[in-house]
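What the coordinates show
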Amino acid sequence: MPILPVAPVSRLIREAGAKRVSEGARDALAEVLESYGLEVAREAAGWANHAKRKTVKAEDIREAVKRVKPPAVLER
């Protein structure tokens, strides 16, 4: 079940220059974004936990982005 709403994902693709967006393209990008976002969030939560904080801060996210590699390809 997708976490991201489909309308903003479609808008992202159109903002990148697409005139029209298929349902499959929208769903594929949402899957990639959710997967990457979840990994970044996990890494950031680890940084907050290491700093003995319950709150994830922007600096944790920025550090996590440096360490988590984006998914290479969508395997389907």
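Just so you know, these numbers come straight off a predicted model, no measurement behind them. (Residues numbered from 1 in each chain as written. Predicted model: local features only at pLDDT ≥ 70, side-chain atom pairs only at ≥ 80, totals over all residues. Heavy atoms only, no water.)

**Considerations on the packing of helix 1 (residues 6-15) against helix 2 (residues 23-50)**
Where we set the bar: Axes here mean lines fitted to C-alpha atoms, for a helix over just the part in contact, with angles spanning 0 to 180 degrees between N-to-C directions. Secondary structure elements follow DSSP: runs of H or I of four or more residues count as helices, runs of E of two or more count as strands, with numbering from the N terminus. Oblique is the label for any angle not covered by the other classes, which are roughly parallel (under 35 degrees), roughly antiparallel (over 145) and roughly perpendicular (65 to 115). Note on contacts: a residue pair qualifies if any of its non-hydrogen atoms lie within 4.5 Å across the two residues. Nonpolar residues are Ala, Val, Leu, Ile, Met, Phe, Trp, Tyr, Cys and Pro. Charged residues are Asp, Glu, Lys and Arg, and all others, Gly as well, are polar.
Where helix 1 meets helix 2, the closest approach of the two axes is 9 Å, and the angle between their N-to-C directions is 100°. Relative to helix 2, the element helix 1 lies roughly perpendicular. Residue-level contacts link Val 6, Val 9, Ser 10, Leu 12 and Ile 13 of helix 1 to Ala 25, Arg 26, Asp 27, Leu 29, Ala 30 and Leu 33 of helix 2. Broken down by class, the residue content of the contact of helix 1 with helix 2 amounts to eight nonpolar, one polar and two charged.

**Looking at the confidence of the model for the protein**
Quick note on the threshold: Scored from 0 to 100, pLDDT reflects the predictor's confidence in each residue.
Here the protein averages 91 in pLDDT, while 92% of its residues score no lower than 70. Looking across the protein, the model is least confident in helix 2, with a mean pLDDT of 94, and most confident in helix 1, with 96.

**Regarding the side chain of Glu 34**
Convention followed: Under the scheme applied here, a residue whose accessible area is under 20% of the maximum for its type counts as buried, over 50% as exposed, and between as partly exposed, the area being computed with a 1.4 Å probe on protein chains only. Counted as positive: Lys and Arg. Counted as negative: Asp and Glu, with His and the chain ends omitted from the count. Any Lys or Arg side-chain nitrogen located within 4 Å of an Asp or Glu carboxyl oxygen qualifies as a salt bridge.
Tracing the sequence through the fold places Glu 34 in helix 2. Buried within the structure, Glu 34 lacks any salt-bridge partner; Arg 26 is the closest side chain of opposite charge, at an N-O distance of 9.6 Å. Apart from residues no more than four positions distant in its own chain, Glu 34 is found in contact with Pro 2, Ile 3 and Leu 4.

**Side note on the pattern of salt bridges**
When their charged atoms lie close together, side chains carrying opposite charge are able to pair. Tallied over the entire structure, the rule returns five salt bridges. With a shortest N-O distance of 3.0 Å, Arg 26 and Asp 27 are connected by a salt bridge. Judged by relative accessible area, Arg 26 falls into the buried class, the value being 18%. According to the relative accessible area criterion, Asp 27 is partly exposed, its value standing at 34%. In the salt-bridge network here, residues are joined through shared partners; they are Glu 63, Lys 66 and Arg 67.

**Side note on the UniProt feature "domain: Transcription factor CBF/NF-Y/archaeal histone" (unreviewed entry) in the protein**
As a reminder, the rule being used: UniProt positions are given in the numbering used here, feature names are shortened, and annotations may be inferred rather than shown by experiment.
Mapped onto the present numbering, the UniProt feature "domain: Transcription factor CBF/NF-Y/archaeal histone" (unreviewed entry) falls on residues 4-65. Split by type, residues 4-65 is 74% helix and 0% strand. Its first and last C-alpha atoms lie 19 Å apart.

**A word on the environment of Pro 5**
Within the secondary structure, Pro 5 sits in the segment before helix 1. We classify Pro 5 as partly exposed; its relative accessible area is 49%. Sequence separation between Pro 5 and Pro 71 is 66 residues; the distance between their C-alpha atoms is 20 Å.

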